[in-house]
Amino acid sequence: MRFQFVLGEVFSGLRRNTTMVVAVVLVTFVSLTFVGAGALLQAQIGKLKDDWYDKVEVSVFLCPEGKSPAPSCAGGEATDQQVDALREVIGTELSGEVSKVWFESKAQAFAAFEERYPDGYQGTQLTEEDMQASLRLKLTDAEQVAVVSDVLSGRDGVEVVEDQRAVFEPLFRTLNVATLLAAGLAGVMLLAAVLLITTTIRLSAVSRRKETEIMRLVGASNLFIQLPFLLEGALAAVFGSLLAGGGLWLAVRFMVTDWLERSVDWVAYVSEVDVLRIAPLLVVVAVALAALSSFFTLNRYTRI
Amino acid sequence: MIRFENVSKVYARGARPALDQVAVDVERGEFVFLVGASGSGKSTFLSLVLREQRPTRGRVYVAGRDVANLSGWRVPTLRRQLGVVFQDFRLLQNKTVHENVAFALQVIGKPRHVIRDTVPEVLDMVGLAGKEKRMPTELSGGEQQRAAIARAIVNRPQILLADEPTGNLDPTTSLGIMRLLDRINRTGTTVVMATHDDEIVNEMRRRVVELSDGVVVRDEASGGYGEREAILPDVGSSPVLDAPGTGTRLPAAPTVRGS
C-alpha cells in the first residue's frame, strides 16, 4: 500500500515536471559520460603500461668505431675488456634491478635492422659496419630505469643508455591530458547536474505544496513526505547514468573494438568489459549526486 | 486533553507577544469556542497545539504529551491524534471527495481494506453519501467543508481543531456545519473552534475562551460571544467626507519678490 502510493506520487511528479526531468537526465548523461571517458582513458593507460613495459628493455649502446661525441668514448671502439667490466658491474651492483643481460653484436643488430626495413632506411644504404653493438638489459621493475641509467652512464665504453620507455612518454602524457580535460568537463557538468536536480526538487516541492501541507497536518512521517521527491531526483539521475553507460559501451564497441583494433592491432585496447566495470560506478555517482542535492533542498522545502 | 501553562509566544524579538501568559485547560470531550478579534492570538493558540510553533515560554500539553519539547520525529504521532479544519477547506482540487478523505489515511500508511471500509462510513456520517466521486469544484461551500471535516476525523482523532470553519459560509449552511461538529463532539471528540460568528456562539452556549491582544480576558462555562462594538458608531462630521472639494484651502504662499 505505502509502496504503491509512493510510487504513484513519484510518477505523477515525474509527469508534472517532464521538461525539468528530461533536463536532469540529459545533464547527468553528459556529465557521467565525461566521468566514464576519463575512467576509460586511465584504464587504457594501465593496459598500455602492462602491455609494453614488460617488453621494454634498456639498451646500453657501446662506443662505435668512429668518432663519438661522448667523452667516455675517447678511447675508440669498446673493447672486450670494457664489455666484460660492464657485465661485471651489472652482475653485482645492479643484480637486484636487472633480470637478464645479453649482448647484441653489430651483425645481430644489422640482421634485426634488415628485417625491419627490408628496403633500406629512408633511402640510405647501410652496412653492418654502420650498426652499433649494445648490451640489452631486461629489468625486474620497469620503474627502476633511472637507477640503471645512473650506474652505467659515463663508464668507459658506454656511449649512451637508452630507455625505450621514453618513446611512450609523449603518448601517455597526451592520454593523461585528455583524462584531465574529461575530468574538468565532468566537474563542471556535475556541478550543473547538482544545481539542476536541486531546482527540480524545489519546483516539484512547490507544485505539490498543498499535498505536503495536508500530509504534514494529518501526521505523515517526514520520510514519507520526502521519499517521492528523493526518488524522483534519484530516478532521473540513475536514468542519466544508464544512458551514459550505454553511450560509452556503444563508443567502445564501434570506435575501439570495431575500428581501432582492426586498423592498429598491436596495441591492447579497453573493451566492453571495462565499460561494464565502470558502469556501476557511474550509477553510484548518480545516486550520490541526487542524494547530495536532496540533502540541500528537502529540509528547506518540506519541513515538518 | 489540552493544557496551556502560562504560555507566551513572541514571534519577533521585541514585538508585542502574540500570546501572553495564557493558562487554559481543556478537558476530554469538551467543546470550546475560541473568540476574539483578528490578531488576538486564536491562530497562534491552534498552531501551538499542532506544534507548528513552539512556545517562547511556558508549557503546552496535548493528549498527555509535552508538545513544546517533543522531538521532531514524534510530531507525526501527535498530529495523528489531531484533526484540523480550516476556513478555506484546503481540499486537493485534483482529487475526488473520496480520494481527498482516503489521502489522509494513505499517507499515514493505513492498509487498503481499512481505507475501503472507513472512508464511505465517514462520508456517510458527514452527509456526503452519494457524492464520493465529485470533484471539490463540483460541491457547494458547505459540502466542501463537510468533506474537509470528513478528512479531519477519518483517523478518529481525540481532538478536532477548527479555525473559523464557518467563516466562508452563509448562516444556514454554517448551522449545518455546527450540528455536524456538535455530533462529532458527542462521540467523545474534544473540539476547539476559533470563530468570529457571534450568532453561533450565542446559540450553542458552550464554553467560551476570549482572547484579546494575546491575553485570556474571559473563560466562561456556557458563555455568549460577548460585547460587540456597534456597527455604526457616531462618527461625527468630517469636512472631507461630508463635502469633498469645498473645504477651506490653505492660502497660497505669499510671493517674496515684488515686481
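Thresholds, definitions, all that
- Residues numbered from 1 in each chain as written.
- Chains lettered and ligands numbered in written order.
- Predicted model: local features only at pLDDT ≥ 70, side-chain atom pairs only at ≥ 80, totals over all residues.
- pLDDT = per-residue confidence, 0-100.
- Helix = DSSP H or I, 4+ residues; strand = E, 2+ residues; numbered from the N terminus.
- Contact = placed C-beta atoms within 7 Å.
- Nonpolar A, V, L, I, M, F, W, Y, C, P; charged D, E, K, R; others polar.
- Axes fitted to C-alpha atoms, helices over the stretch in contact; angles between N-to-C directions.
- Parallel < 35°, antiparallel > 145°, perpendicular 65-115°, else oblique.
- Left-handed = near helix turned anticlockwise from the far one by under 90°.
- Buried ≥ 20, exposed ≤ 12 C-beta atoms within 10 Å, placed from the backbone.
- Pairing = 2+ DSSP bridges.
- Arc of directions from axis to C-beta.
- Core = buried A, V, L, I, M, F, W, Y, C linked by C-beta atoms within 7 Å.

1. Focus on the confidence of the model for chain A
Summing up the model confidence of chain A, the mean pLDDT is 83 and the portion of residues at 70 or higher is 97%. Here helix 5 (residues 145–152) of chain A stands out as the element of chain A with the lowest mean pLDDT, 80, in contrast to helix 7 (residues 209–217) of chain A, whose mean of 90 is the highest.

2. Remarks on the interface of chain A and chain B
With 15 residues of chain A at the contact, the number on the chain B side is 19 residues. Residues that form the side of chain A that touches chain B fall into these classes: nine nonpolar, three polar and three charged.

3. Side note on the packing of helix 3 (residues 97–106) of chain B against helix 5 (residues 141–153) of chain B
Residues and elements named next belong to chain B. Where helix 3 contacts helix 5, the two axes come as close as 8 Å, and the packing angle between them is 25°. Regarding the angle of helix 3 to helix 5, the classification is roughly parallel. Seen from above, helix 3 lies across helix 5 with right-handed handedness. Here helix 3 contributes Val97, Asn100, Val101 and Ala104 to the contact with helix 5, which in turn contributes Ala147, Ala150 and Arg151. Broken down by class, the residue content of the contact of helix 3 with helix 5 amounts to five nonpolar, one polar and one charged.

4. Section: the pairing of strand 7 (residues 159–163) of chain B
Residue and element names in this part refer to chain B. Taking burial as the measure, the five residues of strand 7 include five buried ones, the bulk of the element. What you see with strand 7 is no split at all: Ile159, Leu161 and Asp163 on one side and Leu160 and Ala162 on the other are buried throughout. Of the strand pairs in this sheet, strand 6 (residues 82–86) and strand 7 are connected by five bridges, and their pairing is parallel. In the sheet register, valine 84 faces strand 7, and the bridge partner there is leucine 161.

5. Topic: the environment of B:Leu181
Residue and element names in this part refer to chain B. Along the chain, the position of leucine 181 falls in helix 6 (residues 171–186). Exposure remark for leucine 181: the 23 C-beta atoms within 10 Å place this residue in the buried category. Sequence spacing of leucine 181 and arginine 146 is 35 residues, and the spatial spacing of their C-alpha atoms is 9.8 Å. If we skip the residues at most four places from it in the chain, leucine 181 touches Ala162, Val191 and Met193.

6. With respect to unusual backbone geometry
All names here are of chain B. If you check the backbone angles, arginine 156 has positive phi at about 50° while not being a glycine. By the secondary structure assignment, arginine 156 is in the loop between helix 5 and strand 7. A positive phi is found at arginine 205, a non-glycine position, where the angle reads about 55°. Structurally, the position occupied by arginine 205 is in the loop between helix 7 (198–204) and strand 9 (207–212).

7. A word on helix 5 of chain A
All names here are of chain A. Within the span of helix 5, buried status applies to Val145, Val148 and Leu152. When helix 5 is viewed along its axis, its buried side chains cluster within an angular range of 65° and face the same direction. In helix 5, the exposed positions that point more than 90 degrees away from the buried face belong to Ala146 and Asp150. Here the buried face of helix 5 lies against strand 1 (58–62), helix 3 (80–92), strand 2 (98–104), strand 3 (134–139), strand 4 (158–163) and helix 6 (165–207). Positive phi appears at glycine 154, one or two residues downstream of helix 5, with a value of about 85°.

8. A word on the nonpolar core
Within the largest apolar cluster, 70 residues are counted, with the highest numbers of intra-cluster contacts made by B:Leu34, B:Val101, B:Ala150, B:Leu161 and B:Val192. With residues near it in sequence (within four places) discarded, B:Ala150 still touches B:Val101, B:Val122, B:Leu123, B:Val126 and B:Leu128. In this structure, A:Val27, A:Val30, A:Leu40 and A:Leu248 belong to the second largest nonpolar core, which totals 42 residues.

9. Here we look at the environment of B:Glu99
Looking at the element boundaries, B:Glu99 is found in helix 3. Sequence separation between B:Glu99 and B:Lys133 is 34 residues; the distance between their C-alpha atoms is 8.4 Å.

10. Re the sheet that holds strand 4 (residues 57–62) of chain B
Whether parallel or antiparallel, the strands of a sheet pair through hydrogen bonds between backbone atoms. Across the sheet, four strands lie side by side as 2-1-4-5 (chain B); this open sheet has antiparallel pairing. A single partner strand is all that each edge strand has here, and the edge strands are strand 2 (19–26) and strand 5 (65–66) of chain B.

11. A closer look at the sheet that holds strand 8 (residues 190–194) of chain B
Residue and element names in this part refer to chain B. The strand order 6-7-8-3-9-10 describes an open sheet built from six strands, whose pairing is mixed. Each edge of the sheet is formed by a strand with only one pairing partner; in this case those strands are strand 6 and strand 10 (215–220). On average, adjacent strands in this sheet sit at an angle of 15° to one another, irrespective of strand direction. In this structure, strand 3 (residues 31–35) lies alongside strand 8, joined through four bridges in parallel fashion. Each residue of the ladder has a partner; that of phenylalanine 33, found in strand 8, is methionine 193. Its contacts with the sheet put helix 6 on strand 3, strand 7 and strand 8, and the angle it makes with strand 8 is roughly 150°.

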